[in-house]
Amino acid sequence: MTDAPPGISSNDKTGTLPTEISRSGDFWLDDGNIVLVAEHTSYKVHRSFLARHSPVFKDILSLPQTGNVGEAQIEGCPAAQLSDSADDIHIILSMLYDSDHQYMSPSITLPFETVAAMLTVGMKYQIDKLSQEAIRRLKICFPTEFAKFADYNVFMNYYECDESASPPIEIFEEEAIEVVRLASMFDIPAILPAAYYTCAHLSVEELFSAVNKQRWTMSMLQTCIKGQSELRQRDLAQLNVLFRREVSLSCSSENHCRGGMVELLKKLQETRSLSGMEALVPASRWFEDLSAGLVCNACAATCMSAYEDARRETWNGLGGMFGVHPWPITEKAL
Ligand SMILES: [Zn+2]
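For the structure given in this document, a descriptive report is provided here. Predicted model, so just to flag it, every value in this text is computed and none were measured.

## A word on the nonpolar core
Nonpolar side chains in soluble globular proteins tend to end up buried together.
Alright, step 1. One finds Val180, Ile191 and Ala195 to be the most contacted residues of the largest nonpolar core, which totals 70 residues.
Alright, step 2. Per-element accounting of this core gives the leading share, seven residues, to helix H4 (residues 112-124).
Alright, step 3. Apart from residues no more than four positions distant in its own chain, valine 180 is found in contact with Leu192, Ala195, Tyr196, Cys199 and Met220.
Alright, step 4. Of all hydrophobic cores here, the second largest spans eleven residues; its members include Leu264, Ala283, Val295 and Cys299.

## A closer look at the packing of H4 against helix H5 (residues 128-141)
Alright, step 1. Between H4 and H5, the least distance of the axes is 7 Å, while the angle of their chain directions is 140 degrees. Crossing of H4 against H5: the hand is left-handed. Between H4, through Val115, Met118, Leu119, Val121, Gly122 and Met123, and H5, the contact on the second element is made entirely by Asp128, Leu130, Ser131, Glu133, Ala134, Ile135, Arg137 and Leu138.
Alright, step 2. Here the contact of H4 with H5 is built from residues that sort into nine nonpolar, two polar and three charged.

## Some details on unusual backbone geometry
Alright, step 1. Following histidine 325, the chain continues into proline 326 via a peptide bond in cis, with omega recorded as -5 degrees.
Alright, step 2. Secondary-structure assignment places proline 326 in the segment after helix H13 (297-321).
Alright, step 3. With omega at -5 degrees, the peptide bond leading from tryptophan 327 into proline 328 counts as cis.
Alright, step 4. Tracing the chain through its elements places proline 328 in the segment after H13.
Alright, step 5. With a phi angle near 50 degrees, glutamate 75 is a residue other than glycine that sits in the positive phi range.
Alright, step 6. Along the chain, the position of glutamate 75 falls in the loop between strand S4 (73-74) and strand S5 (77-82).
Alright, step 7. Residue class for glutamate 75 comes out partly exposed when judged on the 15 C-beta atoms lying within 10 Å of it.

## Description of the pairing of strand S2 (residues 34-38)
Alright, step 1. In terms of residue burial, S2 counts as a mostly covered element, since five of its five residues are buried.
Alright, step 2. Side chains of S2 alternate between two faces, with Ile34, Leu36 and Ala38 and Val35 and Val37 buried alike.
Alright, step 3. Looking at chain direction, S2 and strand S3 (residues 41-45) are connected through five bridges and run antiparallel. What sits directly across from leucine 36, in S3, is tyrosine 43.
Alright, step 4. Following S2, the chain reverses through two residues before pairing antiparallel with S3; glutamate 39 in that reversal takes a positive phi of roughly 50 degrees.

Rules used in this analysis
Residues numbered from 1 in each chain as written. Predicted model: local features only at pLDDT ≥ 70, side-chain atom pairs only at ≥ 80, totals over all residues. Core = buried A, V, L, I, M, F, W, Y, C linked by C-beta atoms within 7 Å. Buried ≥ 20, exposed ≤ 12 C-beta atoms within 10 Å, placed from the backbone. Helix = DSSP H or I, 4+ residues; strand = E, 2+ residues; numbered from the N terminus. Contact = placed C-beta atoms within 7 Å. Axes fitted to C-alpha atoms, helices over the stretch in contact; angles between N-to-C directions. Left-handed = near helix turned anticlockwise from the far one by under 90°. Nonpolar A, V, L, I, M, F, W, Y, C, P; charged D, E, K, R; others polar. Pairing = 2+ DSSP bridges.

Purely geometric numbers; function is a separate question.
See the structure below:
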């Protein structure tokens, strides 16, 4: 303990405590009666308070005679070494002790890694309100409803700054890999289809890297690649719907629109990636620009409506593509 700050020392019996420990700036409470140690940070808090909120803490921090806390002491307090990161423990303590903490506030955008930590430690310590809040935020980003998916631009890769908007999570597309891992680990199938769909946008290298880094199993990789291939087929089917159409019954200029539809097909062939990754992008995002001047308003509306029907069909098949049944999931079933 040569480098320990003044006032922190562990007795000879600690054994497992790290040799360098510093007090938490926020959670070293004078009247605390238990010291938690996570990585190299110590937290002096209240045993019964933690036990009241978490059955797992209740077990871990049970009295020494049960053998769980052991004999380690810091400043005369029983000390428990935890395997969690200091950041994770800080999240738990802040959520439990601070009335003005940020985690439950719907108007505050949290970084993805914070939400992932809330889910992980909430599940581990059975602090339901922490894990439930993380799941609530994830479900907004990875929705189960077609209508909510229509505004699918939650990712910071695309997020357009709008001061009035506060996305639930500051998340980038590539972090969907971790979302799939967490949803699989903690059995949250509702967010898997949209999360896999997002992963299907990533490069093969990124997906294989998830397996190499042991974030994904081979089975997850197979699910994603199989889904990618089905999405490609669906995308083609959606485009076919557009070009099998006759002009609208209310068409104002049939010859012009027939020619316009051929032009439209050419333009689409040039611009569409056909990777399948645009299969769920609403027609409202691209059709108007693409068809401007080529077809009349009535034909444009008919095409878009047919395309949206086909897109909804793709959405309805998304669960099947990525191994989630039943799908679509109704709110009641969540
Ligand atoms: Zn027309």
